[in-house]
Amino acid sequence: MKGQNSSQTQIARRGDGLSPTDLSLLATPLDFLCADHLRERQVCSVIDWLALSASFDPSAARTVLRFVNEELNIHMRDEAEDLFPLLARRCPAEDGIARAISRIRTDLDEATGLLPGLRSALARCLDTGSGLTPEDRQLLTRFAGHVRRHLAAENAILLPIARARLTRRDLQKLSRQMRARRGLSPYAETPDAE
Ligand SMILES: [Fe+2]
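Starting from 1, residues in each chain are numbered consecutively following that chain's sequence as written. This being a predicted model, a pLDDT of at least 70 is required before a residue's local features are given, and a value of 80 or more before pairs of side-chain atoms are given or counted; all residues contribute to the totals for chains, interfaces and linings. The side-chain quantities take in all heavy atoms of the structure and omit both hydrogens and water.

Section: the overall build of the protein chain
Thought 1: We count a stretch as a helix when DSSP gives it H or I for four or more residues in a row; a strand needs E for two or more, and each element gets its number in order from the N terminus. The secondary structure content of the protein chain amounts to six helices and zero strands.
Thought 2: Mapped in sequence order, the helices and strands of the protein chain form the string α-α-α-α-α-α.
Thought 3: Note on contacts: a residue pair qualifies if any of its non-hydrogen atoms lie within 4.5 Å across the two residues. Of the contacts made within the protein chain by residues no fewer than 6 positions apart, 71% connect residues no fewer than 24 positions apart.
Thought 4: Methods summary: accessible areas were calculated by the Shrake-Rupley approach with a probe of 1.4 Å, and residue burial reflects only the protein chains presented. Per element, the accessible surface of the protein chain, about 10,200 Å² overall, is 53% carbon and sulfur.

Let's talk about the coordination of the iron ion
Thought 1: Protein-derived ligands of the iron ion are His37 (NE2), His75 (NE2), Glu79 (OE), Glu79 (OE), His150 (NE2) and Glu154 (OE), with the metal-ligand distances lying across 2.0 to 2.6 Å.
Thought 2: Excluding water, the donors of a metal are its N, O and S neighbours within 2.8 Å, or within 3.2 Å for Na, K and Ca, and that exclusion means sites may look incomplete. Site shape is set this way: if four donors have all angles between 85 and 135 degrees, tetrahedral; if opposite donors are over 155 degrees apart and all others between 65 and 115, square planar for four donors and octahedral for six; otherwise irregular. Seen from the iron ion, its six donor atoms lie at angles of 55 to 161 degrees, and the figure they make is irregular.
Thought 3: In the primary structure, the donors to the iron ion are separated according to the pattern H-x37-H-x3-E-x70-H-x3-E. Here His150 lies in helix H5 (residues 134-165) and His75 lies in helix H3 (residues 58-90), a separation of 75 residues in the sequence. His150 carries the same exposure label as His75, and that label is buried. Relative accessibility thresholds used throughout: buried, under 20% of the residue-type maximum; exposed, over 50%; partly exposed, between the two (1.4 Å probe, protein chains only).

Regarding the pattern of salt bridges
Thought 1: For salt bridges, the criterion is a side-chain nitrogen of Lys or Arg within 4 Å of an Asp or Glu carboxyl oxygen. By the definition in use, this model includes eleven salt bridges.
Thought 2: A salt bridge links Asp78 to Arg182, with the nearest nitrogen and oxygen atoms 2.6 Å apart. Residue Asp78 is found in helix H3, and its partner Arg182 is found in the segment after helix H6 (168-181); the two are separated by 104 residues along the sequence.
Thought 3: Judged by its relative accessible area of 0%, Asp78 is buried.

Let's talk about the side chain of Glu154
Thought 1: Relative to the helices and strands, Glu154 is located in helix H5.
Thought 2: For the buried Glu154, no salt bridge exists, and the shortest N-O distance to an oppositely charged side chain is 9.1 Å, to Arg105.
Thought 3: The residues touching Glu154, leaving out its near neighbours within four places in the chain, are His37, His75, Glu79, Phe84, Ile104, Leu159 and Pro160. Charge assignment in this entry is limited to Lys and Arg as positive and Asp and Glu as negative, and neither His nor the chain termini are counted.

Quick look at the nonpolar core
Thought 1: Definition used in this section: a nonpolar core is a set of buried Ala, Val, Leu, Ile, Met, Phe, Trp, Tyr and Cys residues joined via side-chain atoms within 4.5 Å. Membership of the largest hydrophobic core comes to 51 residues, with the highest contact counts inside it found for Leu50, Leu83, Leu87, Leu122, Leu140 and Phe143.
Thought 2: Mapped by element, the contributors of at least two residues to this core are helix H2 (29-52), H3, helix H4 (97-128), H5 and H6.
Thought 3: In this view, Leu122 contacts Leu50, Phe56, Ala61, Val64, Leu65, Leu132 and Leu140; residues no more than four positions away in its chain are not counted.

Section: the packing of H3 against H5
Thought 1: Working convention: axes come from line fits to C-alpha atoms, limited for helices to the stretch in contact. Angles between N-to-C directions cover 0 to 180 degrees. Viewed as axis vectors pointing N to C, H3 and H5 meet at an angle of 40 degrees, and their least axial separation amounts to 12 Å. Handedness of the crossing formed by H3 with H5: left-handed. Judged by residue contacts, Val68, Leu72, His75, Glu79, Leu83, Phe84, Leu87 and Arg90 of H3 engage Phe143, His150, Glu154, Leu158, Leu159, Ile161, Ala162 and Arg165 from H5. Definitions for this section: a left-handed crossing has its near helix turned counterclockwise from the far helix by less than a right angle. A right-handed crossing has that turn clockwise.

Take a look at the structure:
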């Protein structure tokens, strides 16, 4: 797992964010979350494109709808239900993790609150061939802003702390829970000291 070829393969699997994150990265769940953030950043660029373009781009809208319907919700559950509780339990108070998680949850909640409006705006344009209204464009921009803030804070604060604090057993548990969420069987694991 630690060999050079393996490292190169892992980097290659992280991809360019233009397609859903490679499920084989679930073996190293923090790498998977990091790759998900790259994916989110790419989709935010697509959302910006939709918000700023003079004419509506149906292909871009379908990309965004697929992402929010099939990937984003699962990513948010990976973090809210699995990563955050693990960090809260494992990190000492001086890490300031509770406040960081609280700020990140606020952005996730804001993004979640905007999701119905984003879905309906894009679906309406796809169905009717009409363009986005100024309010739709503003909503898309706000949504992308919250998603970007969440991933930037997690990349800068949470994931480095997770890499430092979570034990091998924690990471195995995280991997198992994230695989289960996707209907995948757990990896065979060897008992391991923390
Ligand atoms: Fe995230």
